[in-house]
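The primary structure of each chain is shown beneath.
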Amino acid sequence: MDDIWMRIIENLGDRLSGPMKFRFILQPAMAIIFAVLAGLKDAKAGRTPYFWSLLFYPESRAEMLKDGWKSVGKVFVLALILDVIYQIMVLHFLYPGEAIIVAFTLAILPYLIIRGLVTRMAN
């Protein structure tokens, strides 16, 4: 099990300097743009910050997840596809778990952080 974690850490680190490194700027930037637009819309509608609402208001969680996925889902899928391409080109093998970690980090994480901050700042 330790070997798997070491491989994951090593492979994730190699992505920063390898081919296709432009996606580490482009994909978070796209997620941030969508998060700002959604955060401003939330503020205008008087909603609470996105991540806060996901955690503490389970009655609206399903609707909010659908709305969030609609905003950032394409960026996530693009991040996933690009990482699969990278793995095939560079590693000559496919590690689906690593692809999901990278896609989540590049698309979902910035979206979750920025959308709530924009909503708070706009209120």
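Student: Please explain a nonpolar patch on the surface as it appears in this structure.
Tutor: A surface patch of nonpolar side chains, amounting to about 520 Å² of accessible area, comprises Trp 69, Val 77, Ile 81, Ile 85, Met 89 and Val 90. Tracing the backbone shows Val 77 in helix α4 (residues 61-91).

Student: Would you take a moment to explain α4 for this structure?
Tutor: Compared with an ideal rise of 1.5 Å per residue, which puts 31 residues at 45 Å, α4 spans 38 Å between its outermost C-alpha atoms and falls more than 12% short. By the largest-angle criterion, Val 72 marks the main kink of α4, which is about 55 degrees. A positive phi of about 55 degrees marks His 92, the residue just after α4.

Student: Is there a simple way to explain the packing of aromatic side chains in this structure?
Tutor: The geometry of an aromatic ring pair is captured by two quantities: the separation of the ring centres and the angle between the planes. What the rule picks out here adds up to four aromatic pairs. For the cation-ring pair, Arg 23 lies above Tyr 86, with the distance from its terminal atom to the ring centre recorded as 5.2 Å.

Conventions adopted
- Residues numbered from 1 in each chain as written.
- Predicted model: local features only at pLDDT ≥ 70, side-chain atom pairs only at ≥ 80, totals over all residues.
- Heavy atoms only, no water.
- Patch = residues over 30% accessible without salt bridge, like charges linked within 9 Å, V, L, I, M, F, W, Y side chains within 5 Å.
- Areas by Shrake-Rupley, 256 points an atom, 1.4 Å probe, with all protein chains shown as cover.
- Salt bridge = Lys/Arg side-chain N within 4 Å of Asp/Glu carboxyl O.
- Helix = DSSP H or I, 4+ residues; strand = E, 2+ residues; numbered from the N terminus.
- Expected span 1.5 Å × (residues − 1).
- Bend = angle between axes of the 7 residues up to and from the residue.
- Phe/Tyr/Trp six-rings, centres within 6.5 Å; stacked < 30°, edge-to-face > 60°.
- Lys NZ or Arg CZ within 6 Å of the ring centre and 35° of its normal.

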